[in-house]
Amino acid sequence: MNDIVKPAEPHVMTTYGRVPVALERGQGVRVWDVNGKEYLDALGGIAVNTLGHNHAKLVAALHDQMTKLIHTSNYYYVPGQEKLAALLVERSKMTNAFFCSTGLEANEAAIKIARKYGVDKGIEKPVIVVFDHAFHGRSIATMSATANPKVRNGFGPLLDGFLRVPANDFVALKEATEGNPNIVAVMMEPIQGEGGLHPMRADFMKQVRELCDAQDWLFVVDEIQAGMGRTGKWFAHQWAGIVPDVMSLAKGLGSGVPIGAVVAGPKAAKVFQPGNHGTTFGGNPLAMRAGVETIRIMEEEKLLDNATKVGDYLKAALNKAFAGTEGFVEVRGQGLMIGVELNKPCGELIARGAQEAGLLFSVTADTVIRLVPSLILTEAEADEIVARLAPLVKAFLAGK
């Protein structure tokens, strides 16, 4: 019998509160650790593994690309960039795209576009409106746009130029910006993933779009977690019937291959000129192939429809399982971006879920269990998520 391998990282910085699990391989929505234990993956790499693990079509495409080119440089044309940009523009009804490697970089680029847009109009100190519960990243700029004090505190002075207002409160937004000549943009997540799975209302997003048009501001939408089919449309803001001026993407765009993108509409499409922004790894041939193939496979396998169908099924099953449970607050979200809110902090459930139930998920905003499985999830696998999660949560709420 093999000895049990206990994960340890003596040479890695302690930036993460690790669950004592080391994963080795995956197939579909299941993964196995180095000791052979199986887990049902309801986290999907935090909304990254769109096509699940080891998808045959994606693996074949990436292998083909790796035999040709992995990386060149943005000194030269990268044909895959135009292919992926065209796919994103077509689906977003926007104009052009810039490619980077992460969501943080995508939001940094979006912030730079907004600030330069204002400076180009003669605004010396541009201000971007952001919202309570927002999370846009952990760099100095994106941290400054983020609401969570756990992310922001301990790093000294943050970047000026952000005005925070309550989410879904149009009156508060208008009052906070009234007469301020420095406003250049409003930036929001359609569903605040790290902030507790709080959705922006469709009517509110429409009002913000109209306000930005009236004031000549940019409307910046952070679709890093909610985009790429997760809610049943290509981008979550499309449920409101609007088109933003700037959209940031990452996570599910490459099905696990690091990739980020900023898509711009006509008002923002020409803000960046040569020398204004750049990247070494962004837009490399391997990442572009991953993005192109992800979209192709999603369409072939009708995964947007699946996200809606299985997401609705999973939410109904969760509501049924937790109905009448003391300490259960609600299930919310859209498609396969689902939060189960409890009435007390439940971060300890992440490790207990893996160790006791063989289920991978996360906890966000202290009290919300986040489920963002791969978009290939079936109804039978949704039933299995509920069967593994419900007893765990009920025991936790009962103090066991």
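As annotated in an unreviewed UniProt entry, the chain carries the name Acetylornithine aminotransferase and comes from Comamonas odontotermitis. Regarding the chain, the UniProt comment filed under Subunit (unreviewed entry) reads as follows: "Homodimer." As its UniProt record puts it under Sequence similarities (unreviewed entry), the chain is described as follows: "Belongs to the class-III pyridoxal-phosphate-dependent aminotransferase family. ArgD subfamily."

Q: Which parts of the structure should I look at to understand the pattern of salt bridges?
A: With the rule as written, the count across this model stands at 28 salt bridges. Across the pair Glu-9 and Arg-18 runs a salt bridge, and its minimum N-O distance is 2.9 Å. Judged by its relative accessible area of 41%, Glu-9 falls in the partly exposed class. Several salt bridges share partner residues, and in doing so they unite Lys-57, Asp-64, Lys-68, Arg-289, Glu-293, Arg-296, Glu-300 and Glu-301 into one network.

Q: Help me out: how do you make sense of helix 11 (residues 349-357) in this one?
A: Along an α-helix, a turn takes 3.6 residues, which lines up residues three or four apart on a common side. Along helix 11, the residues that are buried comprise Leu-349, Arg-352, Gly-353, Ala-354 and Ala-357. Contacts from the buried residues of helix 11 go to strand 3 (38-41), strand 14 (337-342), strand 15 (359-360), strand 17 (368-371) and helix 12 (379-397).

Q: Would you mind showing me how to read the packing of helix 3 (residues 79-92) against helix 9 (residues 285-300) here?
A: Relative orientation and spacing of two packed helices are given, respectively, by the angle between their axes and the distance between those axes. At a minimum axis distance of 8 Å, the contact between helix 3 and helix 9 shows a crossing angle of 40°. By the criterion of interaxial angle, the relationship of helix 3 to helix 9 is oblique. Here the hand of the crossing between helix 3 and helix 9 comes out left-handed. Side by side, helix 3 and helix 9 meet where Gly-80, Gln-81, Lys-83, Leu-84, Leu-87, Leu-88 and Arg-91 of the first sit next to Met-288, Gly-291, Val-292, Ile-295 and Glu-299 of the second. Within the contact of helix 3 with helix 9, the residues separate by chemical class into 6 nonpolar, 3 polar and 3 charged.

Q: Before we go on, may I ask you to explain the layout of surface pockets in this structure?
A: Once rolled over the atoms, a probe with the size of a water molecule shows which space is left empty. Empty space within the second largest pocket amounts to approximately 980 Å³. In terms of lining residues, the second largest pocket is bounded by 33 residues, among which Asn-74, Gln-81, Ala-97, Phe-98 and Phe-99 are the most central. Secondary structure elements with two or more residues in the lining of the second largest pocket: helix 3, strand 4 (96-100) and strand 12 (260-264). Looking at which element gives the most residues to the lining of the second largest pocket, the answer is helix 3, with 6 residues. Tallied by class, the residues present in the lining of the second largest pocket amount to 20 nonpolar, 11 polar and 2 charged.

Rules of the game
- Residues numbered from 1 in each chain as written.
- Predicted model: local features only at pLDDT ≥ 70, side-chain atom pairs only at ≥ 80, totals over all residues.
- Heavy atoms only, no water.
- UniProt positions renumbered as here; feature names shortened; annotations may be inferred.
- Salt bridge = Lys/Arg side-chain N within 4 Å of Asp/Glu carboxyl O.
- Buried < 20%, exposed > 50% of the residue type's maximum accessible area, 1.4 Å probe, protein only.
- Helix = DSSP H or I, 4+ residues; strand = E, 2+ residues; numbered from the N terminus.
- Contact = heavy atoms within 4.5 Å.
- Axes fitted to C-alpha atoms, helices over the stretch in contact; angles between N-to-C directions.
- Parallel < 35°, antiparallel > 145°, perpendicular 65-115°, else oblique.
- Left-handed = near helix turned anticlockwise from the far one by under 90°.
- Nonpolar A, V, L, I, M, F, W, Y, C, P; charged D, E, K, R; others polar.
- 1 Å grid on protein atoms, 1.4 Å probe; cavity = no way out; pocket = protein on both sides within 12 Å on 5 of 7 lines; lining within 4 Å.
- Points joined across faces, edges and corners; volume = space filled by probe spheres on them.

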